[in-house]
Amino acid sequence: MSGFAIVIMVIGLGIIAWLSARAKAARLMYSGGNASPPREGAPRPRSALHSLPSYHGWYVGLWVAVPALIFLSIWANIMPGLVTEKVLQDPAAMALPADPFTRSAILGEARSIAQGSAATAFDARANDLVEPYRAAQHFYSIGGAIIALLLAFTGGAYAFTRIRADFRARTRVERVVMMGLLIASLIAIVTTVGIVASLLWESIRFFTHVNPIDFLFGTKWSPQSAALGYGNENAFGAVPLFWGTIFIGAIIAMIVAIPLGLMSAIYLTQYAKPAARAWLKPILEVLAGVPTVVYGYFAALTIAPAMRDFAVWIGIPGASSESALAAGLVMGVMIIPFVSSMADDSITSVPQSMRDGSLAMGATTSETIRQVLIPAALPGVVGGVLLAVSRAIGETMIVVMAAGLAANLTLNPFASVTTVTTQIVQLLTGDQEFDSAKTLAAFALGLVLFVVTLLLNIVALQVVKRYREAYE
Amino acid sequence: MTETSSSALPKMTARDVNVFYGEKQAIKNVSIDVDNDHVTAFIGPSGCGKSTFLRTLNRMNDTVASARVEGEITLDGENIYNPSMDVVQLRARVGMVFQKPNPFPKSIYDNIVYGPRIHGLAGSKADLDIIVESSLRRAGLWEEVKDRLKDSGTALSGGQQQRLCIGRAIAVEPEVILMDEPCSALDPIATAKIEELIHELRGRYAIVIVTHNMQQAARVSQRTAFFHLGTLVEYGVTSEIFTNPREDRTKDYITGRYG
Ligand SMILES: Nc1ncnc2c1ncn2[C@@H]1O[C@H](COP(=O)(O)OP(=O)(O)OP(=O)(O)O)[C@@H](O)[C@H]1O
Ligand SMILES: [Mg+2]
C-alpha cells in the first residue's frame, strides 16, 4: 500500500471523527434537564456545553490525524534504512562485494528495479536482490500502515471518550493551533540561524588563512594572485569592495532614488487626484517586482555604453564601459518604488489635522508639504531610506552585469569599481577547490554583508517604530 | 483694519449658503451675520452641519474634494468665494482653531512664528521674538512656557496645546477667529482657561465658536445660532435664546429634550 493512500486514509478518518464528535457534542448541548431543542418563546436554556460542538470535532479529529501523520512522516524517513538492513540479511546479499562503493551501487540498482523506476540492471548481481527488496519494502510499508491506523484509532477512541459537556475542548484546540503557529514562525528563524551559523563557520575557516585586520582594512584585492600561489598576504584587502558597494548602492543609487522617490510620494499623496493615484500607485508597486536581471540588462546594454561615450566626450580619463555610474543609476531607479512607497506610508500617516492646521494658517499646499508634512514624516522616510540602502548594497544582479570586476579605490564615477556581491559571485563560480582561501573569502564577504544589512534593518525598523508611536 | 470696526456693519455675512458633499446636502439656505465685537456661538445636535458651515467661513471646505459651496459669504463686504479672493490672504484674516489641539511637531517658538513667516509679517528675528511673546501672552500661555520656547509643542499638556494653537492663530493678527469645539478634548480647568481667554480676545477679534456645551455657549457668547438638520433654526442674542427661544425645536434642544 502506498504512503500516499495511507495519508489520504488517515485524513479521511480524521474528517469522519470530526463529524461524529461534533454530532455527539451537539447532542449533549441541551442535555442539562430538557433534552429537546428550545421552544419558541420559552427562555433560551443556556448551553450545557463548555465548548461549541465544532471544537469537540476538532479535538477528536486532531487526535486521529496528527499522531498518525507525525508517525508516517518519521516512518517515511527511516523506512529506506530499515529496508536495506533487512535486504542485507537476506542470503542473496551474502554474495555482495565488500567494497562499499560497488555495494551501494548494486543495492541502489536493485531498489530502482523493485520500485519499477528502472527496467534492467547493469550489474547482474542486482537482479538477485530485487525480490528480497520487494519483500522487505512490502513488509515495512504494510507495517507502517498498520501502526499508523492503530495510532489513529487509539487517538480517536481516547479523545472520543473524553467528550463531555464540561470538557474544555476549545482550550485544547486553541493550544494546538497556537503550537502550529509557533512552529511556523520558528521555521523562518531557525533557518536564518542555520544560515548565519554556516556563514560564520566558513568565515572562521577563511580567517585561519587570512588575518581579519588585513581583510577588513587592506586596500589591495587580488584573490587571483592568491589562487595562483603568490600567497595570501595583500590579496584579500576588501576595502575597495566595500567602497565600491557604498559608492554604487549607498551614494549614487540614493542620489537618484531619494529625491525621485520622495517627489513621487509627495505627488501621489498630495496632488494626485484619487483616480490618478488609483492607477499610479499600483504601477509603481509593480515596478518593485520587476526581476533585477531585467534592470541588469538595461544597465549593461543601454546605460553603461551611453555613460562611457558621455565621459569620453567630456574628456574624463579612466572612463570604463562598466562604470559605477551606470550600475548606480539603474539601481537607483530600481529602488525608487521602494523609497516612494515607504515615504508614501509615512506621509499619509501624518494626521490630517496637522495638514488642516497648516492650511488654516493660510499656508499653501507646497508650504504645508515642505514645512509640516515632510518634517513630521521625516523619521519614517529616513527609516525607509535605510531599508532601501540595505537592499541596494545586497543587490547582486545589476552590479554583476553592469559594474566591473576591477577592485579600484576611486572617486571617479565613470571608472569601473567592483562590489561585495559581484566578488562573491566571482569567487564562487569557476572550478576552484572548495576550501581554498579564495573560495572561503566569499563567505567572509557574505558575513560582512549580512552583518551590515542586519544592522541597517534594525536601526531602520527602530526609527520607523519610534515614529509610529509618536502618532498613536 | 480696526477702523472698520463700527458695530453697524457685520464682519462676515452669509446669504443663502448651501453646502453639498457630493450629492448630499449638509447645509440648506443658511443666512447669518457675524458681528465684529461679539462672540457668536453655533449650537445644535451632532451632524447638523455646524463644522461644515464654520469651515465655509475660511474656505477650509476647499480642502475636501467632494465639498461644494453655493451662495454668498462676505468678509468686510467682499465675497470670499470670488475668484479674485486669495485663499492664503483670506485664511490669514480668518483664523481657525480645531477640536483636537494640533500643534505642529516643532518647537513652541516655531509653532507661533509659522504663520508670520509664511505671510512675511516679520522682517527680523527681533520682530519674531516680539510676535512670539505677545501672541503667547494673549493666549495666556507665556508665563508657563517662556523658559522653554525651544521645547516641542507636542510635549505640552492638552490644554496648553490648545492655547498654543490659539496663540498660533493670533500670531498672524487675524480679524476673525473660528473655533470648532475648542474645549471638547480638555478637562474643566483647561476649559475654564480657554473660556477666560475667549473673554479677553472678544472685541479685538470677531469670534465664532462651535460648542456642544450649552453652559459654555451661555457663558462665552453674546449671539447664538441654533442649527438643526443643516438649517439655521434660530439666531439671536444669547440670553434670549436661552431664556426665551422663539422656536420649539430650539427650546427642546436647550432644555435637553432633544439630542
Ligand atoms: N468630508 C465629508 N464628506 C461627506 N460628508 C460629510 C463630510 N463632513 C461632514 N459630512 C456630513 O455633513 C453633515 C454635517 O457634518 P458636520 O461635521 O458639519 O456636523 P457637526 O454639526 O459639526 O457635528 P458634530 O457636532 O458631531 O461635530 C453630516 O451629516 C456629515 O456626515
Ligand atoms: Mg463638528
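Data block above holds the structure.
Residues numbered from 1 in each chain as written. Chains lettered and ligands numbered in written order. Predicted model: local features only at pLDDT ≥ 70, side-chain atom pairs only at ≥ 80, totals over all residues. Heavy atoms only, no water.

Caption draft 1: Region of the structure containing the packing of aromatic side chains. Residue and element names in this part refer to chain A. For the coordinates displayed, the defined rule picks out 20 aromatic pairs over all chains. Between phenylalanine 207 and phenylalanine 215 the ring centres are 5.6 Å apart and the planes differ by 70 degrees, which places this aromatic pair in the edge-to-face class. Residue phenylalanine 207 is classed as partly exposed on the basis of its relative accessible area of 26%. Arranged with centres 4.9 Å apart and planes meeting at 20 degrees, the rings of tryptophan 243 and phenylalanine 247 form a pair that is stacked. Taken together, the residues tryptophan 243 and phenylalanine 247, both in helix α8 (residues 239–271) and 4 residues apart, mark about one turn of the helix. (Phe/Tyr/Trp six-rings, centres within 6.5 Å; stacked < 30°, edge-to-face > 60°. Buried < 20%, exposed > 50% of the residue type's maximum accessible area, 1.4 Å probe, protein only. Helix = DSSP H or I, 4+ residues; strand = E, 2+ residues; numbered from the N terminus.)

Caption draft 2: Summary view of the layout of surface pockets. Roughly 720 Å³ of volume is contained in the largest pocket. Lining the largest pocket are 27 residues, with Thr269, Gln270, Tyr271 and Arg355 of chain A together with Thr63 of chain B positioned closest to its centre. Those elements giving two or more residues to the lining of the largest pocket turn out to be α8, α9 (274–287), α11 (324–348), α12 (352–360) and α13 (365–394) of chain A together with α2 (87–93) of chain B. The dominant element in the lining of the largest pocket, judged by the number of residues it contributes, is α8 of chain A, at 4 residues. Class assignment for the residues of the lining of the largest pocket results in 14 nonpolar, 8 polar and 5 charged. (1 Å grid on protein atoms, 1.4 Å probe; cavity = no way out; pocket = protein on both sides within 12 Å on 5 of 7 lines; lining within 4 Å. Points joined across faces, edges and corners; volume = space filled by probe spheres on them. Nonpolar A, V, L, I, M, F, W, Y, C, P; charged D, E, K, R; others polar.)

Caption draft 3: Layout of the site of ligand 1. All names here are of chain B. Close to ligand 1 lie 13 residues; Ser46, Gly47, Lys50, Ser51 and Thr52 are nearest. One of the side-chain N or O atoms of lysine 24 is found 2.9 Å from an oxygen atom in ligand 1. Its free accessible area being 630 Å², ligand 1 has 64% of it covered by the protein chains. Sorting the residues of the shell around ligand 1 by element identifies β2 (24–34) and α1 (50–56) as the ones contributing at least two each. (Near = heavy atom within 4 Å. Polar contact = N/O pair within 3.5 Å; in protein donor to acceptor, adjacent residues only side chain to side chain. Areas by Shrake-Rupley, 256 points an atom, 1.4 Å probe, with all protein chains shown as cover.)

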